Amino acid sequence: MKEKFESVNQEKQQQMNRTLVMNLLRKKRLCSRAELAKLTGLKRATITNIINDFIQHDYVIEDGILEGEKGRRCIGIRINGEKYRILGIMITRQYYSIGIMGLSGEVYEERKYYLDARQNAHETMEDIKQKSRQMLEEYKHTDVLAIGIAVPGPYRVEDGEVLYITNLIGWDGVMLAKDMKEEFDIPVYVENDANCGAYAQLWFREEELYKNDIIYIIAGQGVGCGIISKGELLKGNMGLAGEIGHTSINFEGPKCECGNRGCLEKYCSTIAVMEKVQKRIANGEYTMLKSGCSFEDFKNAVRCGDKLALEEYRMACEFLAIGVVNIINQLNPEYVIIGDALAEVESQLMRRVVNNKVKEHIRPVIWEKTQIKMNDLEYNPILIGAGVVAAQKVFENPFQFIKE
Ligand SMILES: [Zn+2]
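Residues take numbers from 1 onward in each chain, read along the sequence in its written order. The predicted nature of this model means local features are confined to residues of pLDDT at least 70 and side-chain atom pairs, given and counted, to a pLDDT of 80 or more, with totals for whole chains, interfaces and linings taken over all residues.

1. A word on the sheet that holds strand 5 (residues 95-102)
At least two DSSP bridges between two strands are needed for those strands to be called paired. Here a strand is any run of E in DSSP of at least two residues, a helix any run of H or I of at least four, and the numbering for each starts at the N terminus. Strand order in the open sheet made by the five strands is 6-5-4-7-10, with mixed pairing throughout. Across the chains shown, the open sheet's two edge strands, defined by having one partner strand only, are strand 6 (107-114) and strand 10 (188-192). For this sheet, the mean angle separating the axes of adjacent strands, direction not counted, is 20°. Note: strand 4 (residues 84-91) against strand 7 (residues 143-151), seven bridges, orientation parallel. What sits directly across from leucine 87, in strand 7, is isoleucine 147. Where helix 6 (residues 193-204) meets the sheet, its contacts fall on strand 7 and strand 10, and the angle it forms with strand 10 comes to roughly 100°. Axis lines are fitted to C-alpha atoms, over the contacting stretch for helices. Their N-to-C directions set the angle, which ranges from 0 to 180 degrees. A pair of residues counts as a contact when their C-beta atoms, built from backbone coordinates, are separated by no more than 7 Å.

Structure follows, in structure tokens:
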């Protein structure tokens, strides 16, 4: 019995070492065996074995010569970006994106498809499957190891079930991972969109953020946040932690699909903002915007300094700030990072409004130790995060993903 335990532990240790090496290669891009040994604290022989296994399975390749210690030249190792890919899918309330991604979270190609507001979950899923199949077909010269999907709204990772998505029809109870896995026979991982965004922040800024508690808030068609504590995502009992959009900022406010009243996202989502803008246009208020205008038009109007658009944008930022105050008081994070569609309208204006409001509403000692930042990743963190969720699984046990 003892022997069995030992071998189980040994296998586990080996897997952890492989994950460690993969993550280092992802971060460093190019690294020698000696450097890997130094950074991981593992023996040179262990690193040699791991790299040999990785080379044999095409996970890494030798590439270029690096200047090592004492001027010694050594061979560089990097992740083989050409061989293995991840299919990342981001579902939003207005469109979905499908991306072919590398194991390090890099996006090779993204395709965006708009949804018809009347289409239900089943129809959308059929579309997503068809477009995914098309993409997989076009990239069949690479091996897509896993699919990662980001969904808005609460998602129960354990049961693989979407609870509900506000403003979309028929998503309650959709078994997303199971459905996609049956279709493609590739491992599928699904995560809430805000959590994906938080993973992306962690993945690309790990050096800076790893030790700290961070909150990534998405202020888009809905509002949510991903909470990372000491490098781990805080999930909650059912995997539903971080639904900041459904915390009330007005207990007498409008009823929300979640059962609560006056939910934050009823005040500072792109949908809420556009509803208010349309109402004011219908009331005949002066603005450059026309009835039925799109969010893009609104964005443009804010940037042109249109008074009505600016007022609504500032107001939404102030509402968001109240949500930020609540989350700071609950979780005391070191960093709060804000991103998504609403943040992208006038990122610096939002930062100023949120900062000022938060500063007024929390204790100075907490304010001094909290940093509010705007997302500055080049690609949409939610799509990157969808890929990262799947890539993380590959890193945890790389050989399990290769079909013989
Ligand atoms: Zn709600």
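2. Topic: helix 13 (residues 347-361)
Given the number of residues in a helix, its expected span is that number minus one, multiplied by 1.5 Å. Its 15 residues give helix 13 an end-to-end C-alpha distance of 21 Å, which sits within 8% of 21 Å, the value for a rise of 1.5 Å per residue. Within the span of helix 13, buried status applies to Met350, Val354 and Val358. Here the buried residues of helix 13 occupy an arc of 50° about the axis, which is enough to place them on one side. For helix 13, the exposed residues set more than 90 degrees away from the buried face come down to Gln348 and Glu360. Lining the buried residues of helix 13 we find helix 11 (307-331), strand 14 (335-339), helix 12 (341-345) and strand 15 (371-374). Every C-beta atom is placed from the backbone, and the number of other C-beta atoms within 10 Å of a residue's own sets its class: buried at 20 or more, exposed at 12 or fewer, partly exposed in between. Picture the helix axis, draw a direction to every C-beta atom, and the arc is the one those directions span.

3. Examining the pairing of strand 4
Counting buried positions over the eight residues of strand 4 gives eight, a clear majority of the element. The two faces of strand 4 match: Tyr84, Ile86, Gly88 and Met90 on one face and Arg85, Leu87, Ile89 and Ile91 on the other face are all buried. In this sheet, strand 5 lies alongside strand 4 in antiparallel orientation, the contact comprising seven bridges. Residue pairing across strands places glycine 88 opposite glycine 99, the latter belonging to strand 5. Two successive antiparallel strands, strand 4 and strand 5, enclose a turn made up of three residues.

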